[in-house]
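The chain contents come next:
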Amino acid sequence: IDKTRQLFSLFQIVRKNAKYSEITFEEFMTWGPMVLDDFDEINRYLLNPDEVFKNLLSIKELESWNLDGPNELSEQQQRFLGFWNELPDFYHRFTALINAEDKATQGLALKFLATETQDQISTNDFHYFIGFNALSKGELTVIKKLINRNQATLWYDADRYYYDNIIHEAGMFLRKNLSFLQIKESPFIQNTLSRSEEHTSELQSRVDISYAVFCLK
């Protein structure tokens, strides 16, 4: 289901809540897209939505706590916290509605695939995952299940200069992904950067096209 239809579905759910029965679509659009993105991230990373929103509510409560001011929250702060308190209900109602319509968002589809891999992916095919970097837990779970069934492998064209250096951010996702998948070594990780001579050139230019011409030469 596309994002526009998701917004209309969520808007209908929000309007059924007594606290938001009078909300206009314009008001809803100031935060509706952000909420849908949060729902999708929760599903992509296979998180417990109730725990996520509980923690977020606690964070927002701390942010609203004013040590130097009155102990009681203002009316605006109470409305703000009340909104975060309603998000778990919005999430579950939205998910139930999408499922009842036999549709899915990208996050829900990935969550379903990650939990039902055995029944959804044929056992006759072999899959090569090449060069993927910042993978979500849902994506990694699908790949891991396929690897455990001897139906997949993950390859990286990387260099040990940043792969072996645990404080080098360029290799962070590579190390994280291979560790999650319990892959000891990718066949295309080489040791080139630390062995080759470095050649640098300086170029000053007022227009980008000069950089392109220099690189082509």
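These notes cover the structure that comes with them. As the structure is a computational prediction, the values presented were derived from the model and not from experiment.

What counts, and at which threshold
Residues numbered from 1 in each chain as written. Predicted model: local features only at pLDDT ≥ 70, side-chain atom pairs only at ≥ 80, totals over all residues. Heavy atoms only, no water. Patch = residues over 30% accessible without salt bridge, like charges linked within 9 Å, V, L, I, M, F, W, Y side chains within 5 Å. Areas by Shrake-Rupley, 256 points an atom, 1.4 Å probe, with all protein chains shown as cover. Salt bridge = Lys/Arg side-chain N within 4 Å of Asp/Glu carboxyl O. Helix = DSSP H or I, 4+ residues; strand = E, 2+ residues; numbered from the N terminus. Core = buried A, V, L, I, M, F, W, Y, C linked by side-chain atoms within 4.5 Å. Buried < 20%, exposed > 50% of the residue type's maximum accessible area, 1.4 Å probe, protein only. Contact = heavy atoms within 4.5 Å. Polar contact = N/O pair within 3.5 Å; in protein donor to acceptor, adjacent residues only side chain to side chain. Pairing = 2+ DSSP bridges. Right-handed = clockwise from strand over helix to strand, strands pointing away. Phe/Tyr/Trp six-rings, centres within 6.5 Å; stacked < 30°, edge-to-face > 60°. Lys NZ or Arg CZ within 6 Å of the ring centre and 35° of its normal.

Here we look at a nonpolar patch on the surface
Move 1: Residues Phe126, Tyr128 and Ile130 make up a contiguous nonpolar surface patch of about 340 Å² in total accessible area.
Move 2: Along the chain, the position of Tyr128 falls in strand β1 (residues 127-130).

Digging into the nonpolar core
Move 1: If you look at the biggest cluster of nonpolar residues, it comprises 24 residues, and the most contacted ones within it are Leu10, Val14, Phe28, Trp31, Phe39 and Phe90.
Move 2: For this core, the secondary-structure elements that each account for two or more residues are α1 (3-15), α3 (32-44), α4 (49-64) and α5 (75-100).
Move 3: Broken down by element, this core gets its largest block of residues, eight residues, from α5.
Move 4: Those residues within four positions of Val14 in sequence are excluded, and the remaining contacts are Tyr20, Ile23, Phe28, Trp31 and Phe90.
Move 5: Counting 21 residues, the second largest nonpolar core, distinct from the first, contains Ala114, Val142, Ala158 and Ile183.

Regarding the side chain of Thr117
Move 1: Along the polypeptide, Thr117 turns up in helix α7 (residues 117-120).
Move 2: Using a relative accessible area of 1% as the deciding quantity, one classes Thr117 as buried.
Move 3: At 3.5 Å, the side chain of Thr117 and the backbone oxygen of Ala114 are in polar contact.
Move 4: Leave out the neighbours within four places in its chain, and Thr117 touches Val142, Lys145, Leu146 and Arg149.

Focus: the pairing of β1
Move 1: Of the pairings in the sheet, the one linking β1 to strand β2 (residues 152-155) comprises four bridges and is parallel in character. Bridging across to β2, Phe129 finds its partner in Leu154.
Move 2: You can see the chain leave β1, run along helix α8 (residues 137-148) and come back into β2, and the turn it takes is right-handed.

Looking at the packing of aromatic side chains
Move 1: Tallying each qualifying case throughout the model produces 17 aromatic pairs.
Move 2: The interplanar angle of 65° and the centroid separation of 4.7 Å between the aromatic rings of Trp31 and Phe83 together place this pair among those described as edge-to-face. Remark: Phe83 occurs in helix α5 and Trp31 occurs in the loop between α2 (25-28) and α3; sequence separation between them is 52 residues.
Move 3: Three or more aromatic residues joined by ring pairs form one cluster here, namely Phe8, Phe11, Tyr20, Phe25, Phe28, Trp31, Phe83, Trp84 and Phe90.
Move 4: If you follow Lys144 out to its NZ or CZ, it ends over the ring of Phe180, 5.2 Å from the centre.

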